[in-house]
Protein chains: 2
Amino acid sequence: MAIAPCAFPLSRGAERARADRAARVHCPFPLARAPVTMDASEFRRRGKEMVDYVANYLEGIESRLVYPDVEPGYLRPLLPSSAPEEPETFEDIIGDIERIIMPGVTHWHSPYFFAYFPTASSYPAMLADMLCGAIGCIGFSWAASPACTELETVMLDWLGKMLRLPDAFLAGDASLGGGVIQGSASEATLVALLAARTKVTRRLQAAFPELTQAAIMEKLVAYSSDQAHSSVERAGLIGGVKLKPIPSDSNFSMRAAALQEALQRDKAAGLIPFFVVATLGTTNCCSFDNLLEVGPICNEEDMWLHIDAAYAGSAFICPEFRHLLDGVEFADSFNFNPHKWLLVNFDCSAMWVKQRKDLIGAFKLDPVYLKHGHQDSGLITDYRHWQIPLGRRFRSLKMWFVFRMYGVKGLQAYIRKHVQLAHEFESLVRQDPRFEICMDVTLGLVCFRLKGSNQLNETLLKRINSARKIHLVPCHLRDKFVLRFAICSREVESAHVQRAWQHIRELADEVLSLDRA
Amino acid sequence: MAIAPCAFPLSRGAERARADRAARVHCPFPLARAPVTMDASEFRRRGKEMVDYVANYLEGIESRLVYPDVEPGYLRPLLPSSAPEEPETFEDIIGDIERIIMPGVTHWHSPYFFAYFPTASSYPAMLADMLCGAIGCIGFSWAASPACTELETVMLDWLGKMLRLPDAFLAGDASLGGGVIQGSASEATLVALLAARTKVTRRLQAAFPELTQAAIMEKLVAYSSDQAHSSVERAGLIGGVKLKPIPSDSNFSMRAAALQEALQRDKAAGLIPFFVVATLGTTNCCSFDNLLEVGPICNEEDMWLHIDAAYAGSAFICPEFRHLLDGVEFADSFNFNPHKWLLVNFDCSAMWVKQRKDLIGAFKLDPVYLKHGHQDSGLITDYRHWQIPLGRRFRSLKMWFVFRMYGVKGLQAYIRKHVQLAHEFESLVRQDPRFEICMDVTLGLVCFRLKGSNQLNETLLKRINSARKIHLVPCHLRDKFVLRFAICSREVESAHVQRAWQHIRELADEVLSLDRA
């Protein structure tokens, strides 16, 4: 290990003395030297205690109630009404974690957590995040920390290859495309929509210079399936453009016919279709829009195609699920969240584009304090032009640690285990004639319900979540109230699934007997 | 410590056996159990090694070259072209950190880093972030982890009180306002602009129902000082509204007269002024817009006033700097970055609004999978309606740890030390007649230059950054190329400042002798 030498001779004692002398100039206020609240040696001790606390927490998480038993407003009375004037000790704080924080935590990593979709957690990612915090660089430009930018570009290439993305999406050595880490799929969708909006506006203004931006925006229209995540509708709201839901088919999939009908109607009305979000693995029921139908239409109509595979994307590293991504070659941008299902702790949302200039074009502003010598070399990437915020953490370290410590095979095995557990739950549900499966199980989500009224199912869900032994959330599929059972925890095993199902059946017994009474 | 009891009897041995049996059903692919790459006991060991690595890195950071000596593209050849199939060991990875990563890191926490503005780093924040990673909840709604939401609300109240913000900005028990953690000041500005855009659009549409959103957006105009951060212009671009720069005065401050002139001109042209961003502590030179002049105008004209105090905000916890915030009472929203100067590691951008309904109104969409029982109680906060992304980390833990372990007095002492060091550098510059100070020093930034041409100063800066002993970035003030010397590191002392100045003087000698030759 070679540390680059520092040119200044070091003598910390002399420094301190000089600092003490200097501290008496200028400031009219009591100039206490900033207290050393916690120095490196204290951090060595407390950091190791925290490592043990974290390991204990995760090892023992199964014995905690997965969903907290607190009422809104529980926390404020437990805390002082303002920050302390004087420093407190680490013991004070660590003791308060179990007293104040943990009673109000929903334990997303409990093996009894089956709500929403998973959020990733792994020890290698946590180790990488410690390093990320220590380096603490803000990688908005190449110069602000070259390693931060360059590792990200390479990690997105590694991940893109795992998914067998078309080469056009990889940065390689001299490509027009490449990947970036966004904070969330919501931001990726918004960034794609803004890039598409800028691109179509410039194209139209080049052809019709008299058109104002507002006149164009008024006519722009974007589309997504009626099953798309609410963040897609939000991206339309933020971007100030119409976003129209396309009715999905009986498999909750956006198909060619419905999209074409909307296009014809809207074009006839003088609107300008410019952007389509296709979802692979919807939040409601993990349905898949038909890329092989929708993609060619987008290309013919010169509409930007963005693919949101927030949850499902991780599965595409397995050859047996890769076919679900067929048609990605028609897309302009593609996004999924390794922070959901690929063991990289939040936040880490991977986005690729075929034309990086389209993203950059929507945002690029270059004040002098952010310029640097290599800027115009064409070799470097300034990721601030790819995203909404300016600042960014060194998040690719998490990917690097996880990809290396699991290996592709380990990651594939992890995905397969979850899918397997979902099928196991599905088969349990199918064995009970009181229940129905509401959607084909493709990955780690099972949508199911009691045969009967929505009211009945709402009552069942309420009982499940009040019992706090497991945690689920619902969805609506058309007019049906449906329960979602998502395989989430890194530590979930068959026994947890079996036990959860037994528990659901018992509560169903109660609900059904009440219903008959 | 009381852990809530788990209702399921635990027997991990029995579980594993059942899991092994179950693992043989359904899956047509080789169903290796997901390998345990790193379990809790291995994490205990490696986590402690990482704590030591982090402590060593930060203790020894002074002996590293602050600015890396690498060319664009340095990293890719050091890595394999794709992820490994088989798992690698932790030793492989930790060894590569010094070999591959560190040579490309710009060391933001080196005491020789004087570029941009500081980014915060403290051991208490790093400990909190370890806990945040372990809990790993995604706190988009109250129910998704009540502690995550409630601690955030209380911490923003604590911090608001430290700044003596008007009560209307605090959440208290039953206020209309409150605080939220955003990822960055850029996002806070964008969120404020979108809220203001929605509010004015609804007001106008209520009065003139025939107006379309596009017709309104075309006429909307927002303002900021010509010194505002580029992210403000970007927010205008994203929001699809005009954003006009107001010429600042000789102190680089936005004043009433210039704003009023623009308002009159634009209203006469039929435009609708709706949003003003006032900056406290600009990125260029840490100038301050005149809130006491600008604020009343915004209120009279019914324009949303957003205050961006990204860097300077932290200083307002000191009574002697609080006057710089006078006029905040006129604002609708206020934002600053504890992740810059208040020892809370990135990301943690604190934003307050007087009317939370205005933020929520711009974004609120409620799909059923995000609904929960307490939603309509009025007692709870769903922070997803306050921000661009859906997901969010448990970032308030960092504030809680830092506020408690430093205490308000410790934080104030930290700010004062940095301001003191800036004044020390200023007085050194003033003693050398070849140099000039370009802007009053108020906080931790000194803008200075060689008397003479821009070319001369550009050459000087280039020499400084090529020497890599210290790191600075420039700015333009009007037509002058200026060097920025920002006090950044938590560990910077008078001796580092003295040594940096000695180094700058020596390079100036060289540059000036070349210039004369």
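An unreviewed UniProt entry annotates chain A as Aromatic-L-amino-acid decarboxylase originating from Chinchilla lanigera. The UniProt entry for chain A carries the following comment under Cofactor (unreviewed entry): "pyridoxal 5'-phosphate". According to the UniProt record, the Pathway (unreviewed entry) comment for chain A reads "Catecholamine biosynthesis; dopamine biosynthesis; dopamine from L-tyrosine: step 2/2."

### As for the overall build of chain A
Per the secondary structure count, chain A includes 15 helices and eleven strands. Going through the 517 residues of chain A one by one, you find that 67% of them count as buried. Taking the intrachain contacts of chain A between residues at least 6 apart in sequence as the baseline, contacts between residues at least 24 apart amount to 73%.

### Considering the packing of helix H2 (residues 40-59) of chain A against helix H4 (residues 123-135) of chain A
Residues and elements named next belong to chain A. Where H2 contacts H4, the axes come no closer than 13 Å and their chain directions differ by 155°. One element, H2, and the other, H4, form an angle in the roughly antiparallel class. Every pair of crossing elements has a handedness; the one defined by H2 and H4 is right-handed. Contact residues: H2 offers Val 51, Val 54, Ala 55 and Leu 58, while H4 offers Tyr 123, Met 126 and Met 130. In terms of residue class, the contact of H2 with H4 is built from seven nonpolar, no polar and no charged.

### Let's talk about helix H5 (residues 146-162) of chain B
Residues and elements named next belong to chain B. For H5, built from 17 residues, the straight-helix expectation of 24 Å at 1.5 Å per residue is met to within 8% by its first-to-last C-alpha distance of 24 Å. Of all 17 residues making up H5, 16 are buried, and the element is well covered by its neighbours. At the C-terminal side of H5, Arg 164 shows a positive phi close to 50°.

### Observations regarding the UniProt feature "modified residue: N6-(pyridoxal phosphate)lysine" (unreviewed entry) in chain A
Residues and elements named next belong to chain A. As recorded in UniProt, the sites labelled "modified residue: N6-(pyridoxal phosphate)lysine" (unreviewed entry) are Lys 340. Within the element layout of this structure, Lys 340 appears in helix H11 (residues 338-341). Beyond its immediate stretch of four places on either side in the chain, Lys 340 contacts Phe 117, Pro 118, Thr 119, Ala 120, Ala 310 and Tyr 311.

### A short note on the relation of the copies chain B and chain A
Related by rotation about an axis and a shift along that axis, the two copies of the chain form a pair. Of the transformation superimposing chain B on chain A, the axial component is 0.0 Å and the angular component is 180°, with the fit at an RMSD of 0.0 Å. In symmetry terms, the pair is related by a two-fold rotation axis. Closest approach to the rotation axis within chain B is made by the C-alpha atom of Lys48(B), at a distance of 2.6 Å. Comparing interface residues between copies, 99% of those in chain B also sit at the interface in chain A, which points to an isologous, same-surface contact.

### Let's talk about the interface of chain B and chain A
The interface is formed by 197 residues belonging to chain B together with 196 residues belonging to chain A. Of the roughly 17,500 Å² buried where chain B meets chain A, counting both sides, 65% is carbon and sulfur surface. Between the two partners, chain B and chain A, sit 16 salt bridges. Glu59(A) serves as the salt-bridge partner of Arg44(B), at 2.6 Å between the closest nitrogen and oxygen. Here the element with the most residues in the side of chain B that touches chain A is helix H13 (residues 396-430) of chain B; it accounts for 19 residues. Considered class by class, the residues forming the side of chain B that touches chain A number 109 nonpolar, 43 polar and 45 charged.

### Examining the pattern of salt bridges
Taken as a whole and assessed by the stated rule, the structure comprises 78 salt bridges over all chains. A salt bridge links Arg44(B) to Asp52(A); its shortest N-O distance comes to 3.2 Å. Remark: Asp52(A) occurs in helix H2 and Arg44(B) occurs in helix H2 (residues 40-59); the pair is interchain, linking two chains. A relative accessible area of 19% places Arg44(B) in the buried class.

### Examining the packing of aromatic side chains
One pass over the full model with this rule turns up 42 aromatic pairs over all chains. Here Phe43(A) and Tyr123(B) contribute two aromatic rings whose centre-to-centre distance is 4.7 Å and whose plane-to-plane angle is 25°, an arrangement assigned as stacked. Of the two residues, Phe43(A) is situated in helix H2 and Tyr123(B) in helix H4 (residues 123-135); the pairing between them involves two chains. The pair formed by Phe43(A) and Tyr123(B) is uniform in burial state, with each residue classed as buried. Three or more aromatic residues link up through ring pairs in this structure, and these residues are Phe114(A), Phe425(A), Phe435(A), Phe448(A), Phe485(A) and Trp501(A). If you follow Arg490(A) out to its NZ or CZ, it ends over the ring of Tyr123(A), 4.9 Å from the centre.

### Quick word on H4(A)
With 13 residues, H4(A) extends 19 Å from end C-alpha to end C-alpha; this agrees with the ideal 18 Å at 1.5 Å per step. Most of H4(A) is tucked away: 13 of the 13 residues are buried.

### Digging into the environment of Pro296(A)
All names here are of chain A. You can see Pro 296 is positioned in helix H10 (residues 291-300). Separated by 33 residues in the primary sequence, Pro 296 and Glu 329 have C-alpha atoms spaced 9.6 Å apart. Leave out the neighbours within four places in its chain, and Pro 296 touches Leu 291 and Phe 330.

### Overview of the packing of helix H3 (residues 90-101) of chain A against H13(B)
Where H3(A) meets H13(B), the closest approach of the two axes is 10 Å, and the angle between their N-to-C directions is 145°. The chirality of how H3(A) crosses H13(B) is right-handed. Here H3(A) contributes Phe90(A), Asp92(A), Ile93(A), Asp96(A), Ile97(A), Ile100(A) and Ile101(A) to the contact with H13(B), which in turn contributes Leu397(B), Trp400(B), Phe401(B), Arg404(B) and Met405(B). Among the residues forming the contact of H3(A) with H13(B), the class breakdown is nine nonpolar, no polar and three charged.

Each value, and the rule that gives it
Residues numbered from 1 in each chain as written. Chains lettered and ligands numbered in written order. Predicted model: local features only at pLDDT ≥ 70, side-chain atom pairs only at ≥ 80, totals over all residues. Heavy atoms only, no water. UniProt positions renumbered as here; feature names shortened; annotations may be inferred. Helix = DSSP H or I, 4+ residues; strand = E, 2+ residues; numbered from the N terminus. Buried < 20%, exposed > 50% of the residue type's maximum accessible area, 1.4 Å probe, protein only. Contact = heavy atoms within 4.5 Å. Axes fitted to C-alpha atoms, helices over the stretch in contact; angles between N-to-C directions. Parallel < 35°, antiparallel > 145°, perpendicular 65-115°, else oblique. Left-handed = near helix turned anticlockwise from the far one by under 90°. Nonpolar A, V, L, I, M, F, W, Y, C, P; charged D, E, K, R; others polar. Expected span 1.5 Å × (residues − 1). Least-squares fit on C-alpha atoms with pLDDT ≥ 70 in both. Buried area = accessible area lost by both parts, 1.4 Å probe. Salt bridge = Lys/Arg side-chain N within 4 Å of Asp/Glu carboxyl O. Phe/Tyr/Trp six-rings, centres within 6.5 Å; stacked < 30°, edge-to-face > 60°. Lys NZ or Arg CZ within 6 Å of the ring centre and 35° of its normal.

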